[in-house]
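Residue-level structure breakdown
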Amino acid sequence: MAGGDSPAETKKGSSKTSKNSKESTLKQKSPAEFFAENKNIAGFDNPGKSLYTTVRELVENALDSSESISELPEVEVTIEEIGKSKFNSMIGLIDRERVDTKLYDDYETDKAREKRLVKEARASEIQAKNLASGKKNKEPGVSKVLKARGEASYYKVTCKDNGKGMPHDDIPNMFGRVLSGTKYGLKQTRGKFGLGAKMALIWSKMSTGLPIEISSSMKSQNYVTFCRLDIDIHRNIPHIHLHEKKANKEKWHGAEIQVVIEGNWTTYRSKILHYMRQMAVITPYAQFLFRFISETPEKNVTVKFTRRTDVMPPIPIETKHHPSSVDLLLIKRLVTDTSKKTLLQFLQNEFVNINKNLAARLIGEMGPDFSPGMAVKSVTSQQMVRIHQLFRQAKFDDPSGDCLSPAGEYNLRLGIIKELHPDMVATHSGSAQVFEGHPFIVEAGVSVGGRDGINIFRFANRIPLLFEQGGDVVTRTALKRINWNSYKINQTQDKIGVFVSIVSTKIPFKGTGKEYIGDDISEIATAVKSAIQQCCIQLKSKIVKRLQAREQQERKRSLSRYIPDATGAVYEVLKQMTEEHTKKRKRYKEEETAMLENVSKLIITKETLKEKLAEHVEQVDYEMALEYATQSGVSEEPRENIHLQQLNPNHSNFIDLHSPTFVFRLIL
């Protein structure tokens, strides 16, 4: 065919074009699909870490819910071990015996089994000999017959609280739609990603295929919402199995969440218990009940962390952005979402620390294309760049820390004393400081007494940080930048506890897991060091006073040790003087004569002198102790620990006056 392609060539070219078109088709991933494929970002690295993270997310949501309505939190956490047979019955799967045993990873040949049994018999024989001879046996080695790689462990995690509850119609989207929630404003929040229980549901979907179950009721509601759902990961929408209302006969309010996941209690047992214990330290106004229910009853664990106080920190307040903390993308979003009409109103109302006068000055500095009355919606992309440039260069007042909610020295001190029972403790709460336009507050506590060495407890927005401790600013500061000896604290011998809590509208976490705060931000590193040093200064004063008291005790002990010898020497002198007086060899004054007569009449004896000297030592010791107490303002009278209950549990009309060491409640 002249001047054209042959039909075969045309067909071939068409087929190639179609193939390329198919390969180049754009694909999209939903947020749920992204986090399912990158679950390590949210702390779901492996089954054990996933179990820990699920507990953490549910507990933190429960605390937020209770605190949002100023309710003293009561949180119950239960982890129930589910065996293979029970799990299979839950999903409707019938147990099946192995047919082809060689197919499995834990298959053991006859030769290998015989070799293992011989080795175990030899080990048992050695243990028996050691037991007979009184020698200590070594820990038995782990048997090579281990769980197969594909055989997982399953757990039902339940968390119940007395919080705000959730609206009936919102529950499906709150759990079944990733990146939808109530914590995305600019304020101090416990959450790290805003995923909460959603990621636990995604992990449940991936590991067990079972749905999540939610029971919830809000205050004054006469019904309890029950919802069973899972998530369509590819479409990022909830898949509802059941959504109904039940009668609320007990007038309960709060939420109860139940999810079945693959986990590993054995490897993460200590982390989960440490997390609960540290959460009790930073929130002593909450009551926690933790239970682990095993298939083997002797492995059950029940721990209750009782409430120590009913004084709660203030609720964090949502704030506006500081001009120095915004980027170009955020400015564009604020312009799109604002309800203000003019540029002047936009600057004045959408940012902190920009009043009407400063807003007018900023607009004047932007150039002739800007005016106070121009419509904010008409601002072009180029003009937004100019606004951003000016925000980065202009000088603004620092944001205040009024929007933050630190634990408070009182609660921090109570938590440390309640859980660790140290010999001494000092706390310090720093003033609000700023990094990159975000306010932050550092609180610290240092205790002496407890476990050996330096133990470091880190908190960010009032949640414990348990992983990647080595690179954290608190760890590096405590180990490398504090000269403990200068505060009379022996770093190698004394049992030191360092507690540092940082709260901010933006915690500068490092790494994808957001488990530690780097020490490359000088403002935070300086504030952490200063807070720890302030605690050390307080402890040094206490330690010096304790050393003085110890020296005083040593002096008293030394004096008491010499009383018998001193008594004998004085009495011998008095007897000699009495003999001289009787023989009239020497004259004495009237007072001395009366004393010598008492010696001769045995009114003054060696025992009476000993008693008088002991009384004198006691009197001197008491006077020195009284002088010490007067100077230090400490009462040396016997003290007893008491807990004062409030007069009326339902009384809501009162004022709390806070001090670092106590809270005085005035009932109105």
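Under an unreviewed UniProt entry, the name given to the chain is DNA topoisomerase 6 subunit B, and the organism recorded is Brassica cretica. According to its UniProt record, the chain has this under Sequence similarities (unreviewed entry): "Belongs to the TOP6B family." The Subcellular location (unreviewed entry) comment attached to the chain in UniProt states, word for word, "Nucleus".

**Quick look at the overall build of the chain**
For the chain, the count of helices and strands is 17 helices and 18 strands. Each of the 668 residues in the chain was classed as buried or not, and the buried ones make up 41%. Restricting to contacts in the chain with at least 6 residues of sequence separation, those with at least 24 account for 73%. Approximately 39000 Å² of the chain is accessible, and the part contributed by carbon and sulfur atoms is 50%.

**Some remarks on the packing of aromatic side chains**
Within the structure shown, the criterion is met by 13 aromatic pairs. Relative to tyrosine 275, the ring of tyrosine 52 lies with its centre 5.9 Å away and its plane at 85 degrees, an arrangement referred to as edge-to-face. Of the two residues, tyrosine 52 is situated in helix H3 (residues 47-68) and tyrosine 275 in helix H8 (residues 265-282); the sequence distance between them amounts to 223 residues. Under the relative-accessibility criterion, tyrosine 52 is labelled buried at 1%. Pairing tryptophan 265 with phenylalanine 290 gives two aromatic rings, centres 6.0 Å apart and planes at 20 degrees, and the pair type is stacked. Here the residue tryptophan 265 occupies a position in helix H8, and phenylalanine 290 occupies one in strand S7 (residues 287-293), the gap between them amounting to 25 residues. For phenylalanine 290, a relative accessible area of 0% puts it in the buried group. Taken together, the ring pairs connect Tyr52, Tyr268, Tyr275 and Phe467 into an aromatic cluster. The ring of tyrosine 223 is capped by lysine 245, whose NZ or CZ atom sits 4.5 Å from the centre of that ring.

**Focus: the environment of leucine 229**
Mapped onto the fold, leucine 229 is located in strand S4 (residues 223-232). A relative accessible area of 0% means that leucine 229 is categorised as buried. Linking leucine 229 and leucine 242, residues 13 residues apart in sequence, is a C-alpha distance of 6.9 Å.

**Quick word on the pairing of strand S1 (residues 74-82)**
Within a regular beta strand, the side chains point alternately toward one face of the sheet and then the other, so they alternate between its two faces. Where S1 lies against S7, seven bridges are found, and the strand directions are parallel. Within S7, the residue paired with threonine 78 across the bridge is arginine 291. Pairing of S1 with strand S2 (residues 154-160), which is carried by seven bridges, proceeds in the antiparallel orientation. What sits directly across from isoleucine 79, in S2, is valine 157.

**Focus: the packing of helix H10 (residues 343-350) against helix H11 (residues 356-366)**
Contact pair H10 / H11: the axes reach a minimum separation of 9 Å and the direction vectors enclose 125 degrees. Taken as axis vectors, H10 and H11 run oblique relative to one another. Considering the relative orientation of H10 and H11, their crossing is right-handed. Residue-level contacts link Leu343, Leu344, Leu347 and Gln348 of H10 to Lys356, Ala359, Ala360, Ile363 and Met366 of H11.

**Concerning helix H12 (residues 381-393)**
For H12, which comprises 13 residues, the first-to-last C-alpha distance of 19 Å matches the rise-based estimate of 18 Å (1.5 Å per residue) to within 8%. Within the sequence span of H12, burial applies to Gln383, Met384, Ile387, His388, Leu390 and Phe391. Here the buried residues of H12 occupy an arc of 165 degrees about the axis, which is enough to place them on one side. Of the exposed residues in H12, the ones pointing more than 90 degrees away from its buried face are Gln382, Arg392 and Gln393. Residues of H12 that are buried sit in contact with helix H9 (328-337), H10 and H11.

**Describing helix H15 (residues 522-582)**
With 61 residues, H15 extends 87 Å from end C-alpha to end C-alpha; this agrees with the ideal 90 Å at 1.5 Å per step. In H15, a bend of some 45 degrees at isoleucine 563 exceeds every other bend along the element, and proline 564, a proline, comes one to four places later.

**Some thoughts on the nonpolar core**
Among the nonpolar cores identified, the biggest contains 66 residues, and Val59, Ile79, Phe175, Trp265, Met276, Phe288 and Phe290 are the most heavily contacted of them. Of the residues forming this core, the biggest block, 10 residues, is contributed by H8. Ala444, Val446, Val473 and Cys535 belong to the second-largest nonpolar core, a separate cluster that totals 35 residues.

**Considering the packing of helix H14 (residues 473-481) against H15**
Following both chains from N to C, one finds H14 and H15 inclined at 55 degrees, their axes separated by 10 Å at the closest point. In terms of orientation, H14 and H15 fall into the oblique class. H15 is crossed by H14, and the crossing has right-handed handedness. Across from Val473, Val474, Thr477 and Arg481 in H14, the residues of H15 making contact are Ile524, Ala525, Val528, Lys529 and Ile532. Counted by class, the contact of H14 with H15 contains six nonpolar, one polar and two charged residues.

What counts and how
- Residues numbered from 1 in each chain as written.
- Predicted model: local features only at pLDDT ≥ 70, side-chain atom pairs only at ≥ 80, totals over all residues.
- Heavy atoms only, no water.
- UniProt positions renumbered as here; feature names shortened; annotations may be inferred.
- Helix = DSSP H or I, 4+ residues; strand = E, 2+ residues; numbered from the N terminus.
- Buried < 20%, exposed > 50% of the residue type's maximum accessible area, 1.4 Å probe, protein only.
- Contact = heavy atoms within 4.5 Å.
- Areas by Shrake-Rupley, 256 points an atom, 1.4 Å probe, with all protein chains shown as cover.
- Phe/Tyr/Trp six-rings, centres within 6.5 Å; stacked < 30°, edge-to-face > 60°.
- Lys NZ or Arg CZ within 6 Å of the ring centre and 35° of its normal.
- Pairing = 2+ DSSP bridges.
- Axes fitted to C-alpha atoms, helices over the stretch in contact; angles between N-to-C directions.
- Parallel < 35°, antiparallel > 145°, perpendicular 65-115°, else oblique.
- Left-handed = near helix turned anticlockwise from the far one by under 90°.
- Expected span 1.5 Å × (residues − 1).
- Arc of directions from axis to C-beta.
- Bend = angle between axes of the 7 residues up to and from the residue.
- Core = buried A, V, L, I, M, F, W, Y, C linked by side-chain atoms within 4.5 Å.
- Nonpolar A, V, L, I, M, F, W, Y, C, P; charged D, E, K, R; others polar.

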